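# Topology and contacts: notes
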Number of protein chains: 2
Amino acid sequence: MSSTSAPGPEAQHEFLTRNVEEVLPAGALLERLRAAAGERRPLRVKQGFDPTAPDIHLGHTVGLRKLREFQDLGHQVVLIVGDATARVGDPSGRNRTRPQLSAHEIEAHAATYLDQFFRVLEQSPAPPRLPVEVRHNLDWFARMGFFDVMRLLGTVTVSQMLERDDFSRRFQAEQALGLHEMVYPLMQGWDSVEIRADVEIGGTDQKFNLVMGRDLQRLNGQPPQAVLTMPLIAGLDGEQKMSKSYGNAIGVSEPPAEMFGKVMSAPDHLIGVWWRYVTAADAAELAQVERTLADRAANPMVLKKKLAGRIVALYHGEAEAERARERFETQFSRREIPTDLEQWPAEGAEMGIKDLLVRSGLARSGSEAWRAVDQGAVRIDQVKVTDRNHRQGLEKPFVLQLGRRMVRVVPAGDVGHRSRP
Amino acid sequence: MSSTSAPGPEAQHEFLTRNVEEVLPAGALLERLRAAAGERRPLRVKQGFDPTAPDIHLGHTVGLRKLREFQDLGHQVVLIVGDATARVGDPSGRNRTRPQLSAHEIEAHAATYLDQFFRVLEQSPAPPRLPVEVRHNLDWFARMGFFDVMRLLGTVTVSQMLERDDFSRRFQAEQALGLHEMVYPLMQGWDSVEIRADVEIGGTDQKFNLVMGRDLQRLNGQPPQAVLTMPLIAGLDGEQKMSKSYGNAIGVSEPPAEMFGKVMSAPDHLIGVWWRYVTAADAAELAQVERTLADRAANPMVLKKKLAGRIVALYHGEAEAERARERFETQFSRREIPTDLEQWPAEGAEMGIKDLLVRSGLARSGSEAWRAVDQGAVRIDQVKVTDRNHRQGLEKPFVLQLGRRMVRVVPAGDVGHRSRP
């Protein structure tokens, strides 16, 4: 769908709700699309990010890609850099009160955020697409005085606040729930009033805060925003949502090789999910991915490598993606055997397994060698040797392993490459 | 105890804890008195008042009289005019969120408050007593920005706040408890930090807020204040605490006659309590009052008149008190019979009750007169006449009543004072 074809509200709605977890309330997005079309203006589509860590990761890009779709359709994307909200700290999903960040840390993080946002969104696209509007919510919160804050607090009751899942859970578990934490949803909601948002996009864990924006807009005489929640993708552990603080994130600024390797280390069940939410793949391509995943004959490693290449290409280009794939294959097809392995020159045409282990120095005695074979601790070129009678040909080099110790066995004539005496 | 005799901390403590409901924590006042004596400085003794109504009433004076005792001992009284707290509204003891007052209303009320405070405290006493220090808490709250408020909120948890009796009650009853209301105790506590209070005095219903001051002082590196709670005296209904909004209050600015009359209308069981808490009576005098109250032969009306005279004298002087007493007796010994009552000259030595009623014009017929007698609606000089055979002597004037209609019956020779033909 291109930005110049100007599809009608219904067609836009169908496209924009793809991959969305929930539209709140149902029909609100269509209503806003129709209202904006009627007023011949773009929608103002908001997402906020608190610069609480120096980098954004693939989890953040789920929402950013949805924003990009709005941008491609000619709507006005408004990014809120939550430099004020970050100082208060969103307690969502945390069991403990998050430490408040210093103004300096937040400023430093905020600077790196914008660069990273523009790896997904277009900062200054060609018309009719619109440049991204970037707002810092410190601009309005820093101007608020005591009674402005009181007025904001006065718009909700304690019970309403404790309806928020995580607040109620922590309150009932008698975990410390700081009074200041209750202000966070109101701040996020107030951002919507300040920028007159038509639509706000956020993770499913932000539902309460997103809906708060509707309430505050209504109280301030604005039509309430449509809320689009996006799924939270799991991180590298395959279970918890991707988050810097869980150590399971892939940052969009990570070098190609690390990014590729991290994708490859993710559990297979994430392949389909990640493909859907972080690659910008279209419907046809996703259907193809689903078919492959359903095919028991297909090797998921192949699809995962494609996924890793695809993600690296998004942030570093095709060439870097190809290079990362090659490096990965070189390194990992040899299953992590170092290239500078110690060499041992073996004489003769073949040798029994016990003599190989003892003479190469990997086993200190014949009985240790037998025990290792019996326990499955011996491998030749990665393949386990469990037969005491195994005899190995010596015409080509191979890697001999006993547990974690290993040596490269070479024909006696190749001894010149031996790295240590 | 005079201000010049400089009694030691222990003697001061014994005197100052008289009539106090609770010292929190136990021993804290003595500790502060000793610390101040060691540093050769006066204690800073705080009480706050929110100018939420135009007048202060006798209930407020319970604390003010305790402050006066501190002033008389040479300590520094600090009155906080809660022009900021009043805007937020203390939810104590209310079932419903109190409406926020306008800045204009608060300013107007605050102006009248100070005058009234100085009917109990001495604004500029002779040394060594110290002038009262008056502070407006808007001075510091108006300077607070968003993050100052967040830091203040961050010092407590939601659970701590809901430990406050009335919050917890309202929360559990699912009554609206505005998030901003939770800030009130923190504001009151912050006042103590701002003025470096050694002691804070408040009503028993303020206990939670008073102790909050201790917490915030500790967090800000100050020795925590001693808290003195004073009892809440009941108002004219004899049950609910005295409060302008319950309509059971006696304002310290009310005219002498109204003040006297209101005290006289209070139920007898308040005589001892009011004498103790609002008259500044000393121990010997209170003992005398208690003895009189315990004496079944004594008429409580006599003691109540003394109390009313005493209270009027405190705010209007002895002469006005005497005048109010006289006016009261004139008016009420005649039980509210107007002095300009219509006169009817009756001829003869005596007359039957029916004839009196018909001839004076109070009854339109004999049957109406009988019915009125039977129903107990007829009185002569306040005394019910229920006997159809009653005959009344006519040598002296008397008041004849049928229901709410009344006439002064006079011997026919006195007719000259008749007000209407």
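All values reported here derive from a predicted model rather than from experimental measurement. (Residues numbered from 1 in each chain as written. Chains lettered and ligands numbered in written order. Predicted model: local features only at pLDDT ≥ 70, side-chain atom pairs only at ≥ 80, totals over all residues. Heavy atoms only, no water.)

What follows deals with the overall build of chain A. Looking only at helices and strands, chain A has 18 helices and 13 strands in total. The C-alpha radius of gyration computed for chain A amounts to 29 Å, which surpasses the reference 22 Å derived for 421 residues by more than 25%, pointing to a less compact arrangement than a globule. Relative to its full complement of 421 residues, chain A shows a buried share of 50%. In chain A, of all internal contacts separated by at least 6 residues, the share reaching a separation of at least 24 is 71%. When the accessible surface of chain A is totalled, it reaches about 19,800 Å², and 48% of it is carbon and sulfur. (Helix = DSSP H or I, 4+ residues; strand = E, 2+ residues; numbered from the N terminus. Rg over C-alpha atoms; globule rule 2.2 N^0.38 Å. Buried < 20%, exposed > 50% of the residue type's maximum accessible area, 1.4 Å probe, protein only. Contact = heavy atoms within 4.5 Å. Areas by Shrake-Rupley, 256 points an atom, 1.4 Å probe, with all protein chains shown as cover.)

Here we come to the pattern of salt bridges. Residues and elements named next belong to chain A. Using the criterion set out here, one finds 64 salt bridges over all chains in the structure. For E22, the salt bridge is made with K207, and the minimal N-O distance between the two is 3.1 Å. A residue pair is termed long-range when its members are at least 10 positions apart, and E22 in strand β1 (residues 22-24) and K207 in helix α11 (residues 207-219) qualify at 185 residues. Overall, the relative accessible area of 35% leaves K207 in the partly exposed class. When salt bridges with common partners are traced through the structure, they connect E31, R32, E39, R41 and D198 into a single cluster. (Salt bridge = Lys/Arg side-chain N within 4 Å of Asp/Glu carboxyl O.)

The next subject is unusual backbone geometry. For residues besides glycine, phi is generally negative; the peptide bonds are generally trans as well. Omega for the peptide link from L24(A) to P25(A) comes to -15°, which places this bond in the cis form. A cis amide bond links P127(B) to the next residue, P128(B), at an omega of 10°. Counting through the fold element by element, P128(B) comes out in the loop between α5 (103-117) and β4 (133-136). A positive phi angle, near 70°, is found at N19(A), a position not held by glycine. Here N19(A) lies in the loop between α1 (9-16) and β1.

Moving on, we come to the environment of S124(A). Tracing the backbone shows S124(A) in the loop between α5 (103-117) and β4 (133-136). Along the chain, S124(A) and G309(A) lie 185 residues apart, while their C-alpha atoms are 27 Å from each other.

Here we come to the pairing of strand β12 (residues 398-402) of chain A. On a regular strand, each side chain points to the face opposite its neighbour's, so the side chains alternate between the two faces of the sheet. Residues and elements named next belong to chain A. Most of β12 sits inside the fold, with five of its five residues counted as buried. Alignment of strand β9 (residues 378-380) against β12, held across three bridges, turns out to be antiparallel. Bridged to V378 within β12 is L402. The sheet contact formed by β12 and strand β13 (residues 405-411) spans five bridges and is antiparallel. Bridge assignment links Q401 to a residue of β13, and that residue is M406. Remark: two residues form the turn of the hairpin made by β12 and β13, two consecutive strands paired antiparallel; G403 in that turn has positive phi of roughly 60°. (Pairing = 2+ DSSP bridges.)

All chains considered together, the criterion is met by ten aromatic pairs over all chains. Judged by centre distance (5.7 Å) and plane angle (80°), the rings of Y113(A) and F117(A) are edge-to-face. Note that Y113(A) and F117(A) are positioned in helix α5 at a spacing of four residues, about one turn of the helix. On the basis of relative accessible area, Y113(A) is assigned to the buried category, the value being 2%. A network of ring pairs unites the aromatic residues F49(A), Y113(A) and F117(A) as a single cluster. Between the NZ or CZ atom of R87(A) and the centre of the ring of F147(B), over which it lies, the distance is 4.7 Å. (Phe/Tyr/Trp six-rings, centres within 6.5 Å; stacked < 30°, edge-to-face > 60°. Lys NZ or Arg CZ within 6 Å of the ring centre and 35° of its normal.)

This part covers the relation of the copies chain A and chain B. Take chain A, turn it by 179°, move it 0.3 Å along the axis, and it overlays chain B with an RMSD of 0.7 Å. Seen this way, the second copy is the image of the first under a two-fold rotation axis. Among all residues of chain A, the minimum C-alpha distance to the rotation axis is found for G145(A), at 2.7 Å. (Least-squares fit on C-alpha atoms with pLDDT ≥ 70 in both.)

Now for the sheet that holds β4(B). Residues and elements named next belong to chain B. The six strands lie next to each other as β1-β6-β5-β2-β3-β4, forming an open sheet whose pairing is mixed. The open sheet has two edge strands with one neighbour each: β1 (22-24) and β4. Neighbour-to-neighbour, the strand axes of the sheet open up by a mean angle of 25°, direction not taken into account. Here strand β3 (residues 76-81) pairs with β4 via four bridges, running parallel. Within the sheet, the bridge partner assigned to V81 lies in β4 and is H136. Along the sheet, helix α3 (residues 58-72) makes contact with β2 (44-49), β3, β5 (199-203) and β6 (226-230), crossing β2 at roughly 160°. (Axes fitted to C-alpha atoms, helices over the stretch in contact; angles between N-to-C directions.)

To continue, consider the interface of chain A and chain B. At the junction of the two partners, chain A supplies 29 residues and chain B supplies 29 residues. Of the roughly 2,600 Å² buried between chain A and chain B, counting both surfaces, carbon and sulfur atoms make up 82%. Sorting the residues of chain A by area buried against chain B places F146(A), F147(A) and L179(A) first, and these three jointly supply 29% of that buried surface. Counting across the interface, chain A meets chain B through zero salt bridges. At the junction of chain A with chain B, the criterion picks out four residue pairs in polar contact (both at pLDDT 80 or more). Counting residues per element, the ones that place at least two in the side of chain A that touches chain B are α4 (85-88), α6 (138-141), α7 (146-153), α8 (158-162) and α10 (184-195) of chain A. Grouping the amino acids of the side of chain A that touches chain B by side-chain chemistry returns 22 nonpolar, six polar and one charged. (Buried area = accessible area lost by both parts, 1.4 Å probe. Polar contact = N/O pair within 3.5 Å; in protein donor to acceptor, adjacent residues only side chain to side chain. Nonpolar A, V, L, I, M, F, W, Y, C, P; charged D, E, K, R; others polar.)

Turning to its location among the elements, E107(A) is positioned in helix α5. Each C-alpha atom, one on E107(A) and one on M406(A), is 50 Å from the other, the two residues being 299 residues apart in sequence.

Time to look at the side chain of R214(A). Residue and element names in this part refer to chain A. With respect to the secondary-structure elements, R214 resides in helix α11. This buried residue, R214, is left without a salt bridge; D215 holds the nearest opposite charge, at 5.9 Å. Apart from residues no more than four positions distant in its own chain, R214 is found in contact with L24, P25, A28, P224, Q225, A226 and V227. (Lys, Arg positive; Asp, Glu negative; His and termini not counted.)

Moving on, we get to the side chain of Q206(A). Residues and elements named next belong to chain A. Along the chain, Q206 turns up in the loop between β5 (199-203) and α11. Judged by its relative accessible area of 13%, Q206 falls in the buried class. A polar atom in the side chain of Q206 sits 3.3 Å from the side chain of Q188.

Let's shift gears to the sheet that holds strand β10 (residues 383-384) of chain B. What links the strands of a sheet is backbone hydrogen bonding, and the strands pair in either a parallel or an antiparallel sense. Sheet architecture is open: five strands sit in the order β7-β13-β12-β9-β10 (chain B), paired in mixed fashion. Here the strands that pair on one side only, and so sit at the sheet edges, are β7 (343-346) and β10 of chain B.

Before going further, it helps to spend a moment on the pairing of strand β13 (residues 405-411) of chain B. With four bridges connecting them, β7(B) and β13(B) associate as parallel partners. When the sheet's bridge partners are listed, P345(B) is paired in β13(B) with V410(B).

This part takes up the packing of helix α13 (residues 271-278) of chain B against helix α15 (residues 300-316) of chain B. In a pair of packed helices, the angle between the axes and the distance between the axes together describe the arrangement. Residue and element names in this part refer to chain B. For the pair α13 and α15, interaxial distance at closest approach is 10 Å and the crossing angle is 25°. Here α13 lies roughly parallel to α15, going by the angle between them. Here the hand of the crossing between α13 and α15 comes out left-handed. Contacts from I271, W274, W275 and V278 of α13 reach α15 at P300, L303, K304, K306, L307, R310, I311 and L314. Here the residues of the contact of α13 with α15 are counted per class, giving nine nonpolar, no polar and three charged. (Parallel < 35°, antiparallel > 145°, perpendicular 65-115°, else oblique. Left-handed = near helix turned anticlockwise from the far one by under 90°.)

A separate point is helix α1 (residues 9-16) of chain B. Those residues of α1(B) lying buried are P9(B), Q12(B) and L16(B). Seen end-on, α1(B) carries its buried residues on one side only, within an arc spanning 65°. (Arc of directions from axis to C-beta.)

Caution applies to low-pLDDT parts of the model: their predicted coordinates are not meant to be read in detail. All names here are of chain A. For chain A, the mean per-residue pLDDT works out to 87, and 92% of the residues sit at or above 70. Within the model, pLDDT remains below 50 along residues 92-97, and this stretch shows 17 contacts once partners closer than five positions in the same chain are excluded. Here residues 416-421 is modelled with pLDDT under 50, and outside its nearest four sequence neighbours on either side it reaches seven contacts, counting other chains as well. (pLDDT = per-residue confidence, 0-100.)

Let us look at α10(A). Residue and element names in this part refer to chain A. The end-to-end C-alpha distance of α10, which contains twelve residues, comes to 17 Å, matching closely the 16 Å that a straight helix rising 1.5 Å per residue would cover. Of all twelve residues making up α10, eleven are buried, and the element is well covered by its neighbours. Positioned one or two residues after α10, R196 has a phi angle of 50°, which is positive. (Expected span 1.5 Å × (residues − 1).)

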